[in-house]
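A closer look at the structure
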Amino acid sequence: MDGETMRLLFTMTAAAALWAADPDYRTPWQAKDFEKAMGVLEGALAADPDSMKFGSEYRLLVIDAKAHDRAIKFFGDLAAKNPTMSNLHLNHGFAYVDKIPTAGSITQVLLANTSLGHFTKSLETKQTWIALYTRGNAYLFWPKIFKRMPLGIADLEAAMKMQKSGKKMPFHVRSYLALGDGYFKNDEPEKAKAMWAEGLKEYPASDALKSRTGKSPEEIEKLISNVYDPYKRVDTDLSDLWKQQ
Amino acid sequence: MKRTILIALAAAAVFGFTGVKSRIRFTETGEKSGVRQVHSTRKFKGPHGDVLGMFTSGGAASAVGDFDNDGDDDLFVVDSDTGKPHRLYRNDGGMKFTEVGAQAGVTGGNDPDSICADAIWFDYDNDGWRDLLVARFGTPLLYHNEKNGKFKNVTAGSGFNRFGNTIAVISFDYDKDGMLDVMFGDYFKPVSLINLTTTKVLPNDLDNAVNGGGVTLWHNDGNGKFSDVTSKAGFDKHTGWTLDLGHGDLNNDGWQDIYIAADYGTDRMYFNNGNGTFSEVTTKAMGGFDTRKGMNAEIGDYDNDGWLDIYVTNITDEYMKECNMLWHNNADGTFTDVSKETNTCNTLWGWGAKFGDFDNDGWLDIFATNGLRSRGKDNYIPLLLEAIIKPNMEFQELASWPAIGNMTWSGFQKKVMFKNVGGQVFKDISADAGVDNDLDGRGVAVADFDGDGRLDFYQTNADQPALLYHGQAEGAGNWIEMKLEGAVKNRDAVGARVTVKAGALTMMREVDGGNGYSGQSMLRLHFGLGAAAKADSVEIAWPDGRKEKVAVPVNAAVYVRQTAGGAARIAPIKVR
């Protein structure tokens, strides 16, 4: 087990421990008392700014409450006070991603670009698999004309290298998918097919990987266009990181 | 819905919905017909000339109207650069035209301080002769038809004295007093782009801009004068970047309503209260505000359910996938966008789009223009992106925008012809129809120039030659065409509604006063009847509220002349 994976596991264990002692934000959330629920999670994050779990849960709550600007400001203020917290920067970036489907096409570009800046800050703070995967995957949403695809592929290749040197985790299947998709979008269909095939060997139950095999280029193109449609909400729920243990 | 579409497609593939097995085809005859006008956008000088040129490249427009009352439709074509003359093409029959703009006295308007951008024919004084209104980035020009092939500039006494950067104009009778009123759609706020006093003239937001020109509504006072009633009617709150206007009775209450297509932000819908005022119903009717780049407001009943629908083009390209909007009228004051379900979502960088039954099967098809700027191999978009993502980029500041030089921006786009398959779905037949040119389209004006019952259309292009497509549908169905004439008031019967029943078909059309971006179509109403040998019923709801049934011959164009008290008179239109 490499150091990175150990750190990740430690974070998850800590998060799991926290789970047991979570402040109760779910009851008001279920009751649609968003103000109260957000207040609880903001308090939890103030006490533990780098908490992946509280950050992720807070963002999911914010999506439900349609309070995107509040979350962006909250994470921004928190990150200003805690500039060396990698997960905090990641959640800050995701707060912008979460707002994208609610915005117009030009604002979407601005939000996406800002999110990339925060993912970069996360990576500058700490090179983690999740940050590499996240930024790499985010680049794939950019139309090819903007020439971001090679940057995404570079991040995803780095994430792949990192995961191959550590313990195999269920969520690592995402790198095979995204990197294959990146190759396909970058007009490298053979490399894409090879990556998806390699992924299937490692994760034979993956429906997403299966859906990319045995298809015509046109069908894959359609499938991938659908996956990377900026008007659809990107699933930024990070709970796989602590649930898939 | 999907199942319905499949059934519709299968049925259409076998025998067509109306027993007509047709193939929509066109031949481009612009050169041969003598209407190959080459439009020129305004060239600006100074450091911001390049950017201003981009933002004002929308004025290639045309207007169809029978200015000489000889029965066939003529064509007025707008130019935009300094000193460039407009063209008035007189229809000589047989798809031949003669340019008579100078003799008619209507070529002017592109003076150093004004940019012509749209035009409509409308009979503002109810003398039975169509007058001409030229909209400008400046003040408009009103020409009175002197009934002898000449026009007189009567702008000075018209009351049209308010400066606006007008890109769209329609005429309609909003208060049912029998006189055609005028609505202007303004793009920029009312500042001169030629003599700039500020460089902050561009949209303040590219998704929710509120610093545009809005609209103005002018009441026809009946004495050759128009009064600005924008505020009184309730339109002064709209400050968006209007690109197009459409009118029609959207809620079937007998009053003309308004759809505003706006760039950089939400379109808007207004219902006519019937008392000289309008209520904005955008949120209720369309489910909220949009952030798209509305370019076109065409109104027609595409599914033959007796309720007017709206087709709006937006921008759909590799870098911006907004999707057009086909607003299906739900018959309860609300509309649902069905563009994805009907396959009318993507026409790239949209501009003018028009409904028309191009194969006379009884269902309205769509032709849509597109394309912003086709130039060199370098693409402007990456450069623009870098500018846009700069922190604190000030969108409205001219200096914030990079010069475009000879770069291409959403250029070389193929035009789109959609065949309506039974009112359920549209099929892209552009290449087969022969209309998939890749010029930088702007407006579309639909007419039956040669009176053969197959619709033709004229496509204007920015800085490029215009195209005339002669309709030559194979196996087209039967048809009727009616030019309605009001008895005393509203002589062109703008706003009249005609419902035709023929076999299994029931169709409804309204006479409009210039709907659709940069192109006024013919006032004559066209109905395809499919295989039906006759129209079983033709019912007219005149603008004055009277309703009557008339009998009109099939495969012929006729005048339907309302009389003061008796039945309408039918007379043939002699189209050469």
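Since the model is a prediction, treat every value here as computed from it, not as a measurement.

1. Here's the deal with the overall build of chain B
The secondary structure content of chain B amounts to nine helices and 39 strands. Compactness check: chain B gives a C-alpha radius of gyration of 22 Å against a globular reference of 25 Å for 576 residues, within 12% of the reference. Along the three orthogonal principal directions, the C-alpha set of chain B runs to about 65 × 55 × 50 Å. Within chain B, the fraction of its 576 residues that count as buried is 64%. Looking at chain B alone, contacts between residues at least 24 apart form 62% of all its contacts between residues at least 6 apart. For chain B, the accessible area works out to roughly 18,900 Å², and carbon and sulfur atoms hold 52% of it.

2. So, the domain arrangement of chain A
All names here are of chain A. Each assigned domain of chain A is listed here: domain 1 (1-126) and domain 2 (148-239). Using C-alpha coordinates to define each centre, domain 1 is positioned 24 Å away from domain 2. Counting from both sides, the interface comprises 23 residues of domain 1 and, opposite them, 16 residues of domain 2. At the boundary of domain 1 with domain 2, total buried surface from both sides reaches about 1,500 Å², with 63% on carbon and sulfur atoms. If you look at where domain 1 meets domain 2, you find four residue pairs in polar contact (both at pLDDT 80 or more). Within the residue set of the side of domain 1 that touches domain 2, elements represented by two or more residues are helix H1 (3-20), helix H4 (52-65), helix H6 (86-99) and helix H7 (105-125). Partitioning the side of domain 1 that touches domain 2 into residue classes produces 11 nonpolar, eight polar and four charged.

3. Some points on the sheet that holds strand E1 (residues 26-28) of chain B
Residue and element names in this part refer to chain B. Strand order across the open sheet formed by four strands is E1-E30-E29-E28, with antiparallel pairing between neighbours. With partners counted over all chains shown, the strands left at the sheet margins are E1 and strand E28 (441-447), one partner each. Pairwise comparison of adjacent strand axes, ignoring direction, gives a mean angle of 20° for this sheet. Relative to strand E30 (residues 464-471), strand E29 (residues 456-461) runs antiparallel, the two being bridged by four bridges. Among the inter-strand pairings, Tyr-458 is bridged to a residue of E30, identified as Leu-468.

4. What about the confidence of the model for chain B?
Summarising the model, chain B shows a mean pLDDT of 95, and 97% of its residues fall at 70 or more. Here the complex is predicted with pTM 0.92, and the ipTM for its interfaces comes to 0.81.

5. A closer look at the interface of chain B and chain A
Of the residues lining the interface, 17 residues belong to chain B; the matching set on chain A comes to 15 residues. Both faces considered, chain B and chain A share a buried interface measuring about 1,400 Å² in area, 66% of it formed by carbon and sulfur atoms. At the boundary of chain B and chain A, one finds one salt bridge. In this structure, the salt-bridge partner of Arg148(A) is Glu386(B), at a minimum N-O distance of 3.8 Å. Inspection of the chain B/chain A interface yields seven residue pairs in polar contact (both at pLDDT 80 or more). Elements with a minimum of two residues in the side of chain B that touches chain A: strand E21 (320-321) and helix H8 (380-388) of chain B. Taken together, the residues that form the side of chain B that touches chain A break down as nine nonpolar, two polar and six charged.

6. Here we look at the sheet that holds strand E18 (residues 298-300) of chain B
All names here are of chain B. If you walk across this open sheet you meet the four strands as E18-E19-E22-E23, and the pairing is antiparallel. Two strands bound the open sheet, and with one partner strand each, they are E18 and strand E23 (335-337). Going across the sheet, the axis of each strand differs from the next one's by a mean of 20°, ignoring polarity. As paired strands, strand E22 (residues 325-329) and E23 are joined by three bridges and run antiparallel to one another. Bridge pairing in E23 links His-328 to Thr-336.

7. Details of the side chain of Gln108(A)
Summarising the element assignment, Gln108(A) is placed in helix H7. Beyond its immediate stretch of four places on either side in the chain, Gln108(A) contacts Ile100(A), Pro101(A), Ala103(A), Pro230(A) and Tyr231(A).

8. A look at the nonpolar core
Residue and element names in this part refer to chain B. Formed by 170 residues in total, the largest nonpolar core has its most connected members in Trp-409, Met-482, Leu-484, Val-500 and Val-560. If near-sequence neighbours (up to four positions away) are discounted, Val-560 is found in contact with Met-482, Lys-483, Leu-484, Glu-485, Ile-540, Trp-542, Val-550, Val-552, Ala-568, Arg-569 and Ile-570. In terms of nonpolar packing, the next biggest core, distinct from the first, is built from 29 residues, Val-35, Leu-439, Phe-449 and Met-522 among them.

9. Some remarks on the environment of Ile258(B)
Residues and elements named next belong to chain B. Assignment of secondary structure puts Ile-258 in strand E15 (residues 257-263). Taking relative accessible area as the criterion, Ile-258 reaches 0% and is therefore assigned buried. If near-sequence neighbours (up to four positions away) are discounted, Ile-258 is found in contact with Ile-170, Phe-172, Met-183, Phe-235, Gly-246, His-247, Arg-268, Met-269, Tyr-270 and Phe-278.

10. Notes on the packing of helix H9 (residues 149-164) of chain A against helix H10 (residues 173-185) of chain A
When two helices pack together, you describe them by how their axes are tilted relative to each other and by the distance separating the axes. Residues and elements named next belong to chain A. Contact geometry of H9 with H10 gives a least axis separation of 9 Å together with a crossing angle of 150°. The orientation of H9 relative to H10 falls into the category roughly antiparallel. Handedness of the H9/H10 crossing: left-handed. Here Met-149, Ile-153, Leu-156, Glu-157, Ala-159, Met-160, Gln-163 and Lys-164 of H9 lie close against H10, whose contacting residues are Ser-175, Tyr-176, Ala-178, Leu-179, Gly-182, Tyr-183 and Lys-185. A breakdown of the residues in the contact of H9 with H10 according to their chemical character gives nine nonpolar, three polar and three charged.

Conventions adopted
- Residues numbered from 1 in each chain as written.
- Chains lettered and ligands numbered in written order.
- Predicted model: local features only at pLDDT ≥ 70, side-chain atom pairs only at ≥ 80, totals over all residues.
- Heavy atoms only, no water.
- Helix = DSSP H or I, 4+ residues; strand = E, 2+ residues; numbered from the N terminus.
- Rg over C-alpha atoms; globule rule 2.2 N^0.38 Å.
- Buried < 20%, exposed > 50% of the residue type's maximum accessible area, 1.4 Å probe, protein only.
- Contact = heavy atoms within 4.5 Å.
- Areas by Shrake-Rupley, 256 points an atom, 1.4 Å probe, with all protein chains shown as cover.
- Domains from an automatic or database assignment.
- Buried area = accessible area lost by both parts, 1.4 Å probe.
- Polar contact = N/O pair within 3.5 Å; in protein donor to acceptor, adjacent residues only side chain to side chain.
- Nonpolar A, V, L, I, M, F, W, Y, C, P; charged D, E, K, R; others polar.
- Pairing = 2+ DSSP bridges.
- Axes fitted to C-alpha atoms, helices over the stretch in contact; angles between N-to-C directions.
- pLDDT = per-residue confidence, 0-100.
- Salt bridge = Lys/Arg side-chain N within 4 Å of Asp/Glu carboxyl O.
- Core = buried A, V, L, I, M, F, W, Y, C linked by side-chain atoms within 4.5 Å.
- Parallel < 35°, antiparallel > 145°, perpendicular 65-115°, else oblique.
- Left-handed = near helix turned anticlockwise from the far one by under 90°.

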